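Tertiary structure, described
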Amino acid sequence: MADVKLYGLWASPYCQRIQLALNLKGVSYEWVEEDAQNKSEKLLQYNPIYKKLPVLVHNGKPLPESLIILDYIEETWKNPPFLPEDPYERSRIRFWANFFDQKVVTPTRPIYVCRGEEQEKAIAEFVENVTTMEKEIAKEFPAGKLFFNGERPGYLDVVVGSASRWVKAIERVVGVKLVDEERTPLVHSWLAAFAELSVAKDTLPEIERTFVRAMEIRERVLASTTD
């Protein structure tokens, strides 16, 4: 029996980032696929407060919330390191990971499940926040490096890279470029470099599969709002 289990959903970027982190660290684990509409009793037992995915179970001890899990992985399996040694630099990376979740990932759902003014507002918010992140990160992180972490992917790369399939899928759904090479060249290049990693190709779902999932969600949500 594996001492590391990951309860997740294949389509969730929050779950994918944990898969990426474990795979990059070389940690063996058992993947337990969950149904978001019919969650298992085990999942509800492990995460009774939020009842959400992902949940990492290590030696029988459950841990929810993706960023907290990433911190735990970094502290438990130290090589290769995902964070720099300097406490201030570590804090800045965590700040931008939280910013990405709150200001970039959160606005994506209205982009592909809404229409009209609400959709346009969500697109504008997404683009504005990615642009803000681009400008500020350019001041703090090494120029000319492949990843936020330098030559190897790290904490912030895993957080941002895990959303790459969904960004591409949503762009296809709505016909709008969300991460533009001219507007945000650094974020664009980082996403492109991450997508070429063998660990990303092996871990992340195909864009076509993610696109189909996005369309299913869009059609279901739009149907429910027009009934």
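Everything here concerns the structure above.
So, here is what we can say about the structure in this document. (Residues numbered from 1 in each chain as written. Predicted model: local features only at pLDDT ≥ 70, side-chain atom pairs only at ≥ 80, totals over all residues. Heavy atoms only, no water.)

1. Some details on helix H9 (residues 185–195)
When we look at burial in H9, the residues that qualify are Val187, His188, Trp190, Leu191, Ala193 and Phe194. For H9, the elements touching its buried residues are helix H1 (13–25), helix H6 (116–140), helix H7 (155–161), helix H8 (164–174) and helix H10 (198–203). (Buried < 20%, exposed > 50% of the residue type's maximum accessible area, 1.4 Å probe, protein only. Helix = DSSP H or I, 4+ residues; strand = E, 2+ residues; numbered from the N terminus. Contact = heavy atoms within 4.5 Å.)

2. A few points about the packing of H1 against helix H3 (residues 66–76)
At a minimum axis distance of 9 Å, the contact between H1 and H3 shows a crossing angle of 10 degrees. Accordingly, the angle class assigned to the pair H1 and H3 is roughly parallel. Each of Tyr14, Arg17, Ile18, Ala21, Leu22 and Lys25 in H1 lies in contact with H3, whose residues at this interface are Ser66, Leu67, Ile69, Leu70, Ile73 and Glu74. Of the residues contributing to the contact of H1 with H3, the split by class is 8 nonpolar, 1 polar and 3 charged. (Axes fitted to C-alpha atoms, helices over the stretch in contact; angles between N-to-C directions. Parallel < 35°, antiparallel > 145°, perpendicular 65-115°, else oblique. Nonpolar A, V, L, I, M, F, W, Y, C, P; charged D, E, K, R; others polar.)

3. Brief notes about the environment of Leu24
Mapped onto the elements, Leu24 comes out in helix H1. For the pair formed by Leu24 and Ser91, sequence separation is 67 residues and the distance between their alpha carbons is 21 Å. Setting aside residues no more than four positions away along its own chain, Leu24 makes contact with Pro80, Phe82, Pro153, Val158 and Val199.

4. Observations concerning the nonpolar core
Judged by nonpolar contacts, the single largest core of 65 residues is most densely connected at Tyr112, Tyr155 and Leu156. Among residues more than four places away in sequence, those in contact with Tyr112 are Trp166, Ile170, Val173, Val174, Ala214, Ile217 and Arg218. In terms of nonpolar packing, the next biggest core, distinct from the first, is built from 9 residues, Val32, Leu43, Tyr46 and Leu53 among them. (Core = buried A, V, L, I, M, F, W, Y, C linked by side-chain atoms within 4.5 Å.)

5. So, the side chain of Asp101
Mapped onto the elements, Asp101 comes out in helix H4 (residues 87–105). The exposure class of Asp101 is buried, given its relative accessible area of 7%. If we ignore the near neighbours within four places in the chain, the residues touching Asp101 are Tyr14, Arg17, Ser66, Leu67, Thr106 and Val159.

6. Focus: the sheet that holds strand S1 (residues 4–8)
Strand order in this open sheet of 4 strands is S2-S1-S3-S4, and the pairing throughout is mixed. Looking along the sheet, the strands with just one partner apiece sit at the ends: strand S2 (30–33) and strand S4 (61–64). In this sheet, neighbouring strand axes are inclined to one another by 20 degrees on average, regardless of whether the strands run parallel or antiparallel. Relative to S2, S1 runs parallel, the two sharing 4 bridges. Paired with Leu6 across the two strands is Trp31, which belongs to S2. Contacts from H1 reach S1, S2 and strand S3 (55–58) within the one sheet, and its direction differs from that of S1 by about 155 degrees. (Pairing = 2+ DSSP bridges.)

7. Quick look at the packing of aromatic side chains
Centre-to-centre distance and the angle between the planes together describe a pair of aromatic rings. This model, assessed by the stated rule, comprises 5 aromatic pairs. Taking 5.0 Å as the distance between ring centres and 80 degrees as the angle between the ring planes, the aromatic pair formed by Phe95 and Trp96 counts as edge-to-face. A relative accessible area of 3% means that Trp96 is categorised as buried. Centroid distance Tyr112 to Trp166: 5.7 Å. Interplanar angle 35 degrees. Geometry classified as tilted. Taken together, the residues Tyr112 in helix H5 (residues 108–113) and Trp166 in helix H8 connect sequence positions 54 residues apart. Under the relative-accessibility criterion, Trp166 is labelled buried at 10%. Linked through ring pairs, Phe95, Trp96 and Phe99 together constitute an aromatic cluster. The residue whose ring lies beneath Arg172 is Phe211, and the NZ or CZ to ring-centre distance is 3.8 Å. (Phe/Tyr/Trp six-rings, centres within 6.5 Å; stacked < 30°, edge-to-face > 60°. Lys NZ or Arg CZ within 6 Å of the ring centre and 35° of its normal.)

8. Details of the pattern of salt bridges
This model, assessed by the stated rule, comprises 7 salt bridges. The salt bridge involving Arg17 is made with Asp101; its shortest N-O contact spans 2.8 Å. Of this pair, Arg17 sits in helix H1 while Asp101 is found in helix H4, placing the two residues 84 residues apart along the sequence. Neither Arg17 nor Asp101 differs from the other in exposure class; each is buried. Of the charged contacts in the structure, one is a salt bridge between Lys139 and Glu136, with a shortest N-O distance of 3.3 Å. One end of the pair is Lys139 and the other is Glu136, both in helix H6 and 3 residues apart, which spans about a single turn. Given a relative accessible area of 63%, Lys139 falls into the exposed group. (Salt bridge = Lys/Arg side-chain N within 4 Å of Asp/Glu carboxyl O.)

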